[in-house]
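# A structural walkthrough
Chain by chain, the residues:
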Amino acid sequence: MGIRVNPEILLKQLDLCGDNDRKELVWHQMLLDGTLPQTIGGGIGQSRLCQFMLRCAHIGEVQHGWWNPEEVEILKNHNCKLLGLGEW
């Protein structure tokens, strides 16, 4: 899971932690002014985003994993280059 925050929650968190000076940091400013999207996920969401942006057909092209050997062979035949090819 990724950390998800929107401008309102960020301000609340900074206030609760007594870290209001962090509002001057670049990432915080970009989130607060709407330059960055409100949520940036991690884990599977981050991998799916990479898959989309890199125009990959299979999540295994952006994320290491162990894949069904039959699936690996099918993907190899379709020129998909999986990371960390492995078998069960």
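Quick summary incoming for the structure in this document. Only a predicted model underlies this, so the values are computations on that prediction, with no experimental measurement involved. (Residues numbered from 1 in each chain as written. Predicted model: local features only at pLDDT ≥ 70, side-chain atom pairs only at ≥ 80, totals over all residues. Heavy atoms only, no water.)

### Re the state of the cysteines
Scanning all chains against the criterion turns up 0 disulfides. Residue Cys-50 stays outside any disulfide, its sulfur separated by 8.6 Å from that of Cys-56, the closest cysteine. Take Cys-50: its relative accessible area is 34%, and that puts it in the partly exposed class. (Disulfide = S-S within 2.5 Å. Buried < 20%, exposed > 50% of the residue type's maximum accessible area, 1.4 Å probe, protein only.)

### Digging into the pattern of salt bridges
Counted under the stated rule, the structure contains 1 salt bridge. For Lys-76, the salt bridge identified is with Glu-73, shortest N-O distance 3.7 Å. With Lys-76 and Glu-73 both in helix 4 (residues 69–77), this residue pair falls 3 residues apart, about one helical turn. Taking relative accessible area as the criterion, Glu-73 reaches 43% and is therefore assigned partly exposed. (Salt bridge = Lys/Arg side-chain N within 4 Å of Asp/Glu carboxyl O. Helix = DSSP H or I, 4+ residues; strand = E, 2+ residues; numbered from the N terminus.)

### Remarks on the environment of Leu-32
Looking at the secondary structure, you find Leu-32 in helix 2 (residues 26–32). Its relative accessible area of 27% is what places Leu-32 among the partly exposed residues. Dropping the residues within four chain positions of it, Leu-32 is found in contact with Pro-7, Leu-10, Leu-11 and Lys-23. (Contact = heavy atoms within 4.5 Å.)

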